[in-house]
Structures are given as structure tokens and as C-alpha cells.
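Each chain is listed here by its residues.
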Amino acid sequence: MITVIGTGTGAPLAPDALAALAEATLVTGAARHLDAAELPPDARQLVLGPLAPALDIIAKHREEGGRVVVLASGDPGFFGIVRSLAERFGPEALDVRPGVASVAAAFARLGLPWDDALVVSAHGRDLRTAANVCRAHPKTAVLTGPGAGPAELGAELARRAPDRLLVVASALGDPERERLVRVTPAQAAAREWDAVSVIVCLDEEKALSPVRTVAGGRATPERWALDESAFAHRDSMITKAEVRALALARIGPRIGDLVWDIGAGSGSVAVECARFGAAVVAVEKTAEGCEHVRANATAHGVDVRVVHGAAPTVLSDLTDPDAVFIGGGGRELPAIVTTCARRARRSVVVALAALDRVPAVRAALTGAGLVTDGVLLQSSRLAPLPGDVTRLAATNPVFLLWGDRPATSVLEGAVQ
């Protein structure tokens, strides 16, 4: 049996954890955990570095009949070492004694509930995912790591979510060094940090949400491809629900993604992507359209960053997206598609009414190395007639083209 003991947030170990530690013949953990614990004098100590060699040593020690104790921070089953140990030795080989998770401790210090918080780990992972989650959700906790601390996260958010509040919790549980520092993203980027436990990212106006029955971030929307009446728009300048339904299926917006909505108009696609948890940038060249996007985002309770300007010029200052929806563009459409297709990590979806522009759009998608497909959508809606009868009212046909980056390219990008 491998005993895994959560520690590191200041609370003393429980008597059963102390008893397990006293009988250990091998104790492993970070140097700070080993230094803080009262270890048996004859126990071998193993400072955790690269995980694979450490697991090999643990396996050999168990084969020799030794008793292994692993010390870890907080709750080791929450983005912790329990996953790696269970994968190697099986869950039945583990006796886990959790401590207080650093996220729980941070929110406790702030006096805030965290059942509505979304937790994301940046430890050994791509920081852009954590940054996108912080942009899209009003209450996020980020577990930090080398190269993914407050300075790096602050730099990612300083221009794209400057109004967020970052609460940097350092050395949680240490009565002498524990600190909670409130900073803007720009202030976080300009400082050096040490012993950071967790970063809480808040939209202060939404820090207290209604009572919940399911923990975590925003729930998946119960409906999508909403009626046009759910959005403010001008002269029917809105992507129709039938088109939006297939576009959303091809975009695949999800938590941690960044989606561009180019030629956003009313922002209906942008808002729907944000309702699925993605961070969204809506690019719109008219001031009136920008106001519609902002109003619709507010009405549906989501965050959408609005960029007023014409594509492709304004796209150069934006972070590379995971997926793009293009619903406008005029004569610049081929250039816009080319720019987006070269920068999108996963997919580009284009809606257009003009048959003449289909070949150029297909060529732009294919030329950027995307696997291209498409469909002509034609639908008829039920419409009432006098005499309590119904007719079919045809909507304008729309071409929906899409390009997906080949799976190997996506994986290579993720590794890099």
C-alpha cells in the first residue's frame, strides 16, 4: 500500500497520517514537504524531481516489502500526484489522506464561495488555455507552474481582459510568509513572484453568483441555435438559426478555446460560442454592430471582447484562435479567409450567400492546408395563413464551408 498524505496548507497532520508516516521506510515528496515533516530517522528520503524515475524507485521499494509514504500539497487527488500513482500502481494500491486544497484555502481566505469557480491547471500545460478560461469566466482559479505564474498570466490578460482582478495567493499555510496580493493583470506582469500557490481571477461584479446545485463553471446551455428574436439586430443582419446550428457543430466551441467571430453583425455566433464556455473575440466594422454585440452579450450573461475595425487589418493584433467563424467580409473575403485559415489551430467556418465567392473561399481554405468541405443550406419555416392553415416560407439559401486542420498538425501544435 502506498499512503499519499496531503499537506502544505498549514493544518497539522491527522493522527492516522502521522501514524502512517512513522511506519514509512521510504518517504517521497517535494523538498519543502520533506523538510517540514517529522520523518522516521531510518526512512529513506526521495526528493521528487522527474516523475518516471521516482515511480520506478517506489515500485522497487514496494517489491522489497517497504512501506511508502508520498507527501503532497493540499488534496493530492485534485490536479495532483494521485493520477500518476493510480495509473502506475492501480487505485487499489493507494491509501489517500487528503488535506485542504490550495484552491479551497485561497477562496476561504477571500471569504468567497467557490462552487461556481472554474479551476484550471497551468502547471506543465499550455498557459493559453488558462488565459482563455480567465477571459471567458468570471471566477477562475489557476494552479501555477514554472513559466506559468502571475507575471506570465498577467501579460496574457493585460491587453485582452484588463478589468479582471488577480488575487495571487503565496505560501498558503505558512504563518510567516502567506500573502494574498490583489493586482491588475498589468501589475502582475510587472512584478517578480515567489512561492505562489494559486491565482484567483475575478470579475468582481460577478464574484457572487446565485445559489447553485452543480459545482464548476457556467453550465452547458440547455438550448443553442437560438431564435433570431433572442438577439438585437439590424435589418435581419443575423446568422439564421438553422445556419448557426451547423456552424456551431463545425466550430465546436468549448472551455479553454478562443474563437473569432469575423463580421459579427449582431454577434449571435459569438454569444452562442461564449455560452459554451469559449473565450470569444467579435470583430465588427460598424459602430452600430459593435453596440449590438455588446448588448447581446450582456443580455445572455457572457463575456465577448468586441473589436471595432475591418478584417483582415485588425486581426494582426489578436491572439491566434482555435476556431473562426466568418459571416461577412465583402470583397475582402478571400484575404480574410486566408489570414484566418493560416492562424486557426483547429477550424474555420464560413457562411456566405453568393455562389460566385464559393470557389475563392474553398481555394483559400485548401491553400492554408485545411481539409475542406461544405454544404448548401436551404430551409423552409412554418408560417401561418388566414383560416388557421399553414404554409412553408423559404429562407434564403446559404453556403456553409469549413476547413479543419489535419489531426497530425493539431497534435504537433499542441506539443510545441
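Residues numbered from 1 in each chain as written. Predicted model: local features only at pLDDT ≥ 70, side-chain atom pairs only at ≥ 80, totals over all residues. Heavy atoms only, no water.

### Examining the sheet that holds strand β5 (residues 94-97)
Note the following rule: If DSSP finds at least two bridges between two strands, the strands pair. The secondary structure listing takes helices from DSSP runs of H or I that are at least 4 residues long and strands from runs of E that are at least 2 residues long, numbered from the N terminus. Axes here mean lines fitted to C-alpha atoms, for a helix over just the part in contact, with angles spanning 0 to 180 degrees between N-to-C directions.
What the five strands build is an open sheet, ordered β3-β2-β4-β1-β5; its pairing is parallel. Two strands lie at the open edges of the sheet, namely β3 (44-47) and β5, each paired on one side alone. Averaged over all neighbouring strand pairs, the angle between strand axes comes to 20°, with direction disregarded. The pairing of strand β2 (residues 26-29) with strand β4 (residues 68-73) spans three bridges and is classified as parallel. Bridge pairing links valine 27 to valine 69 in β4.

### Thoughts on the nonpolar core
Rules: For the purposes of this section, nonpolar cores are sets of buried Ala, Val, Leu, Ile, Met, Phe, Trp, Tyr and Cys residues that join through side-chain atoms within 4.5 Å. A 1.4 Å probe rolled over the protein chains alone gives each residue an accessible area, and that area as a share of the maximum for its type sets the label: buried under 20%, exposed over 50%, partly exposed in between. When checking whether two residues touch, look at their non-hydrogen atoms; a contact exists if any pair is within 4.5 Å.
Ranked by size, the top nonpolar core spans 31 residues in total, and within it Trp260, Ile262, Leu315, Ile326, Cys340 and Val348 carry the most contacts. Here this core gets five residues from one element, more than from any other, and that element is helix α12 (residues 333-343). With residues up to four places along the chain from it excluded, the contact list for tryptophan 260 reads Val281, Leu315, Leu318, Thr319, Asp320, Pro321, Ala323, Val324, Phe325, Cys340 and Arg343. Judged by nonpolar contacts, the second largest core, of 30 residues, contains Ala247, Ala278, Ala282 and Val306.

### Regarding the pattern of salt bridges
To keep things clear, this is the line we draw: Salt bridge, as applied in this entry: a Lys or Arg side-chain nitrogen positioned within 4 Å of an Asp or Glu carboxyl oxygen.
Evaluation of the coordinates by the stated rule reveals 25 salt bridges. In this structure, aspartate 16 and arginine 97 form a salt bridge, with 3.2 Å as the shortest nitrogen-oxygen distance. Of this pair, aspartate 16 sits in helix α1 (residues 15-22) while arginine 97 sits in strand β5; the two residues are 81 residues apart in sequence, bridging distant segments of the chain. Residue classification places aspartate 16 among the partly exposed residues on the basis of a relative accessible area of 42%. Measuring nitrogen to oxygen at the nearest pair gives 2.6 Å for the salt bridge that ties aspartate 317 to arginine 159. With aspartate 317 in the loop between β13 (305-308) and β14 (323-326) and arginine 159 in the loop between α7 (150-157) and β8 (165-170), the pair connects residues that are 158 residues apart, well separated along the chain. The network of salt bridges with shared partners includes Glu228, Glu242, Arg244, Glu272, Arg275 and Arg381.

### A few points about the sheet that holds β8
In spatial order, the strands read β6-β7-β10-β8-β9; together these five strands make up an open sheet with mixed pairing. Only two strands of the sheet have a single partner each, and these edge strands are β6 (118-121) and β9 (179-183). Between one strand axis and the next, the sheet turns through 20° on average, direction left out of account. Pairing of strand β7 (residues 139-143) with strand β10 (residues 196-202), which is carried by five bridges, proceeds in the antiparallel orientation. When the sheet's bridge partners are listed, leucine 143 is paired in β10 with valine 198. Helix-sheet contacts for helix α5 (residues 102-110) involve β6, β7, β8, β9 and β10, and the interaxial angle to β10 is about 60°. Of the strands in this sheet, β7, β8 and β10 touch α7, which is tilted by about 20° from β10.

### Thoughts on unusual backbone geometry
Look at the link from alanine 311 to proline 312: it is a cis peptide, with omega at 5°. Relative to the assigned elements, proline 312 resides in the loop between β13 and β14. Phi at phenylalanine 79 takes a positive value of approximately 55°, unusual for a residue other than glycine. Positionally, phenylalanine 79 belongs in the loop between β4 and α4 (82-89). Positive phi, close to 50°, is recorded for alanine 171, a residue that is not glycine. Positionally, alanine 171 belongs in the loop between β8 and β9.

### Quick word on the environment of arginine 164
For arginine 164, the position within the fold is in the loop between α7 and β8. Once residues lying within four places of it in the same chain are set aside, the contact partners of arginine 164 are Cys134, Arg135, Ala136, His137, Pro138, Val183, Thr184, Pro185, Cys201, Leu202, Asp203 and Asp303.

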